[in-house]
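Chain by chain, the residues run as shown.
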Amino acid sequence: MQMKVMVPIKRVVDPYAKVRPLADGSAVDTTGAKFEINPFDEIAVEEAVRLKEKGIATEIVVVSIGKSESEEQLRKALAIGADRAILLETDMVTDSSVIAECLKQIVSTEQPALILMGKQATDDDANQAGQMLAAKLGWPIATFAAKVEVNGTNVSVTRETDTGEQVVELVTPAIITTDLRLNEPRYVALPGIIKARSKPLIRQAVTTESSSKVNMTHVELPPSRPVGRKVGNVAELAAAIKERGVL
Amino acid sequence: MSKLLFIAFYESDLSAAPGFAKALGIDYDTFLAPSVPSDVFAKELAKIATGYSYIASPSSMKSKDALPYLAGLLDTPMVTDVISVVSPTTFKRPIYAGSMIATVETIGNPVVITFRPNGFEKGLPVSASTVTLEFTEASNVKVVSESNRGTGRPDLGSAKIVVSGGRPLKEAATFESVIGGFADSLGAAVGATRAAVDSGIAPNELQVGQTGKVVVPDLYIAAGISGSTQHMAGIKDSKVIVAINTDANAPIFEMADLGLVGDLYTVLPELQTELKS
Ligand SMILES: Cc1cc2nc3c(=O)[nH]c(=O)nc-3n(C[C@H](O)[C@H](O)[C@H](O)COP(=O)(O)OP(=O)(O)OC[C@H]3O[C@@H](n4cnc5c(N)ncnc54)[C@H](O)[C@@H]3O)c2cc1C
């Protein structure tokens, strides 16, 4: 049985790097920043590759919407084990609804059985694209996945919830958004990345007419917390806590 | 007429309704959502949504699951984790794990919103009318099982005191006795870092941070937690942050109001005694 898996990925600033607004507050200053695959998306790529290694997925297509430089992250995904890549090239900063429209465009030609994607991106922390895509396609979705089991056209997903876990079953075609516990992505050494250069990557133009409904107009630093102090011992700590009246 | 549809996925969400409506400067209806799959919820809500200019709910995994689906069906703007309302179309929200605050402009109606309640006044809805809806749509998702691990402890999101532990707790039993035991002595909620959750020391619903829960207690005690940006994203608005860490250079000391360099295994039992005296 054929099972094509599509994994949308986003190029984001290294989540462990310190970032600041530009001096005029017009945008985030990304000068000199290192970029990575959004960690949640990397987990999605890893999950797809594991499905392929188990003989369940037959083909993995990674997709990115963004600047030309996103090729770097697509190449990395190919190195992890994806088979081919599509870059929908645009310099526009788009909101999640436009991303969902763009992905819908690709779904119509690629017809994947399963879409695995990150639950949120570590730059805008929006947590919207997967659900919006599911709504637009009318496909079943399981968000915040901690475990995925595929059995033919049936997919069983253990989801993280506010109070614990929930197990749901979906029938493909379906969408799953990944949470951090789903897996730990493998490390890919440089030779692997170079080898993946021979895998196909095509560039396409965005054809959707929809435009962003949420636009960022300003970025600032959050108010800073007052400088704290270190105390010398437990008795001092207890006294200081009592003094603040927070018990 | 401009009106808010306030959605409560949990009873405890209700107290956030009047404050948020006040920030928008408009009237509101409340809707207590039944426990149904999000696609069903969104399809039903979409039938009445266009009668409102805003549809909002406090941020939770449930609201973040269901509301984007609704926004996708309606093809309207959605803003996640609003912390303040600047104008009817302008909102502030954290980005990059709370390292920065973005101002965003929305185009179109209704605007779908999840918001962090601590930025807004609290109080129970008084005069709001309650919307009732019949749920007839079928879900394309089958719920097989659901765990509701009530801990018997205060709820993380609303607790006055939160005690959290990190990676050095090593095992679930140690976490429960050391962090849980100390928390119980203060009537506190228990939280954890992702490192603790990942290594199976603490259950996932206790994770605090960028991708977990946001807490706003009067007192947050972090034991054996390094202070990553992602963790701090969930505790920044706590009144007093206390850090206990063996490493004097741990980043958490930069954000903590009170810090003690020391081993949590000796500090917590002593602190428990001192706080009682
Ligand atoms: C996309 C993404 C999202 C994330 N989301 C979250 C999130 O929501 N929440 C979250 O917490 N993390 C999150 N993380 C992970 C985060 O980056 C850190 O890895 C994590 O917070 C570290 O947890 P920790 O402080 O327990 O562990 P460590 O960083 O390993 O720190 C342990 C600390 O304990 C101290 N210590 C050791 N032994 C003792 C002792 N006996 N007594 C006292 N102190 C001791 C050490 O000095 C050290 O500072 C996320 C990461 C990514 C990439």
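Residues numbered from 1 in each chain as written. Chains lettered and ligands numbered in written order. Predicted model: local features only at pLDDT ≥ 70, side-chain atom pairs only at ≥ 80, totals over all residues. Heavy atoms only, no water.

**Notes on the overall build of chain B**
Per the secondary structure count, chain B includes eight helices and 15 strands. Taking 2.2 N^0.38 as the reference for a compact globule, 277 residues should give roughly 19 Å; the C-alpha atoms of chain B span a radius of gyration of 20 Å, in line with that estimate. With the principal axes as the frame, chain B shows a C-alpha extent of 60 × 40 × 35 Å. Residues counted as buried form 58% of the 277 residues belonging to chain B. Considering only intrachain contacts with a sequence separation of at least 6, the fraction spanning at least 24 residues in chain B is 65%. When the accessible area of chain B is evaluated, it comes to approximately 10,700 Å², of which 52% is carbon and sulfur surface. When the 21 basic and 28 acidic side-chain charges of chain B are each reduced to a single mean position, those positions are 2 Å apart. (Helix = DSSP H or I, 4+ residues; strand = E, 2+ residues; numbered from the N terminus. Rg over C-alpha atoms; globule rule 2.2 N^0.38 Å. Buried < 20%, exposed > 50% of the residue type's maximum accessible area, 1.4 Å probe, protein only. Contact = heavy atoms within 4.5 Å. Areas by Shrake-Rupley, 256 points an atom, 1.4 Å probe, with all protein chains shown as cover. Lys, Arg positive; Asp, Glu negative; His and termini not counted. Charge placed at Lys NZ, Arg CZ, Asp CG, Glu CD.)

**What about the interface of chain A and chain B?**
At the interface, 73 residues of chain A touch 80 residues of chain B. Summed over both partners, the interface of chain A with chain B buries about 6,700 Å², with 55% contributed by carbon and sulfur atoms. When residues of chain A are sorted by the area they lose upon contact with chain B, Asp162, Lys213 and Arg225 of chain A head the list and together hold 12% of the total. At the surface where chain A touches chain B, the tally comes to six salt bridges. (Buried area = accessible area lost by both parts, 1.4 Å probe. Salt bridge = Lys/Arg side-chain N within 4 Å of Asp/Glu carboxyl O.)

**Topic: the packing of aromatic side chains**
All names here are of chain B. Going through the model one piece at a time under the given rule, you end up with six aromatic pairs over all chains. An angle of 10° between the planes, with centres 6.3 Å apart, marks the rings of phenylalanine 31 and phenylalanine 135 as stacked. Residue phenylalanine 31 is found in strand β2 (residues 27-32), and its partner phenylalanine 135 is found in the loop between β9 (129-130) and β10 (142-146); the two are separated by 104 residues along the sequence. Arranged with centres 5.5 Å apart and planes meeting at 90°, the rings of phenylalanine 115 and phenylalanine 120 form a pair that is edge-to-face. One exposure class covers both phenylalanine 115 and phenylalanine 120, and it is buried. (Phe/Tyr/Trp six-rings, centres within 6.5 Å; stacked < 30°, edge-to-face > 60°.)

**Points about the packing of helix α4 (residues 129-137) of chain A against helix α3 (residues 61-74) of chain B**
In contact at an axis separation of 7 Å, α4 of chain A and α3 of chain B are set at 45° when each is read in the N-to-C sense. Here α4 of chain A lies oblique to α3 of chain B, going by the angle between them. α3 of chain B is crossed by α4 of chain A, and the crossing has right-handed handedness. Here Gln131, Met132, Ala134, Ala135 and Lys136 of chain A of α4 of chain A lie close against α3 of chain B, whose contacting residues are Lys64, Asp65, Pro68, Tyr69, Ala71, Gly72 and Leu73 of chain B. Classifying every residue of the contact of α4 of chain A with α3 of chain B by side-chain character gives seven nonpolar, two polar and three charged. (Axes fitted to C-alpha atoms, helices over the stretch in contact; angles between N-to-C directions. Parallel < 35°, antiparallel > 145°, perpendicular 65-115°, else oblique. Left-handed = near helix turned anticlockwise from the far one by under 90°. Nonpolar A, V, L, I, M, F, W, Y, C, P; charged D, E, K, R; others polar.)

**Describing the packing of helix α3 (residues 96-110) of chain A against α4 of chain A**
Residue and element names in this part refer to chain A. The N-to-C vectors of α3 and α4 enclose an angle of 50°; their axes lie 9 Å apart at closest approach. What the angle tells us is that α3 and α4 run oblique. Taken as a pair, α3 and α4 cross one another with a handedness that is right-handed. Contacts between α3 and α4 pair Ser96, Ser97, Ile99, Ala100, Glu101, Leu103, Lys104 and Val107 from the former with Ala129, Met132, Leu133, Lys136 and Leu137 from the latter. Within the contact of α3 with α4, the residues separate by chemical class into eight nonpolar, two polar and three charged.

**Describing the domain arrangement of chain B**
Residues and elements named next belong to chain B. Here the domain parsing of chain B yields domain 1 (4-131) and domain 2 (161-276). Here the C-alpha centre of domain 2 lies 30 Å away from the C-alpha centre of domain 1. Facing the five residues of domain 1 at the interface are eight residues of domain 2. Carbon and sulfur atoms supply 54% of the area buried between domain 1 and domain 2, which totals about 540 Å² over both sides. (Domains from an automatic or database assignment.)

**Topic: the side chain of serine 64 of chain A**
Residues and elements named next belong to chain A. As for its position among the elements, serine 64 is in strand β6 (residues 59-66). Among the polar contacts made by the side chain of serine 64, one reaches the main-chain carbonyl oxygen of isoleucine 9 at a distance of 2.8 Å. Discounting residues that sit within four places of it in the chain, serine 64 has contacts with Ile9, Lys10, Ser70, Leu74, Ile86, Leu87 and Leu88. (Polar contact = N/O pair within 3.5 Å; in protein donor to acceptor, adjacent residues only side chain to side chain.)

**Considerations on the nonpolar core**
General note: in soluble globular proteins, nonpolar side chains tend to be found buried as a group. Ranked by internal contacts, the top residues of the largest apolar core, which has 55 residues, are Leu237 and Ile241 of chain A together with Phe175, Tyr220 and Leu271 of chain B. Ranked by residue count, the leading element in this core is helix α4 (residues 172-186) of chain B, at six residues. Setting aside residues no more than four positions away along its own chain, tyrosine 220 of chain B makes contact with Val162, Ser164, Val208, Val215, Ile225, His231, Ile235, Ser238, Val240, Ile241 and Val242 of chain B. (Core = buried A, V, L, I, M, F, W, Y, C linked by side-chain atoms within 4.5 Å.)

**A few points about the pairing of strand β4 (residues 78-82) of chain B**
Residues and elements named next belong to chain B. Burial of β4 is extensive: five of the five residues sit out of reach of the surface. Of the strand pairs in this sheet, β4 and strand β8 (residues 111-115) are connected by three bridges, and their pairing is parallel. By the bridge assignment, valine 79 is partnered in β8 with isoleucine 113. (Pairing = 2+ DSSP bridges.)

**A closer look at the site of the ligand**
Taken together, 31 residues surround the ligand, and among them Arg167, Thr193, Val208, Ser226 and Asn245 of chain B come closest. Residues lining the ligand come from chains A and B. Glutamine 207 of chain B is positioned such that a nitrogen or oxygen atom in its side chain is 2.9 Å from an oxygen atom of the ligand. With the chains in place, 85% of the 990 Å² that the ligand exposes on its own is no longer accessible. Elements represented by at least two residues in the shell around the ligand include exactly α1 (39-53) of chain A together with α5 (194-198), α6 (229-232), β14 (240-245) and α8 (264-276) of chain B. Class assignment for the residues of the shell around the ligand results in eleven nonpolar, 16 polar and four charged. (Near = heavy atom within 4 Å.)

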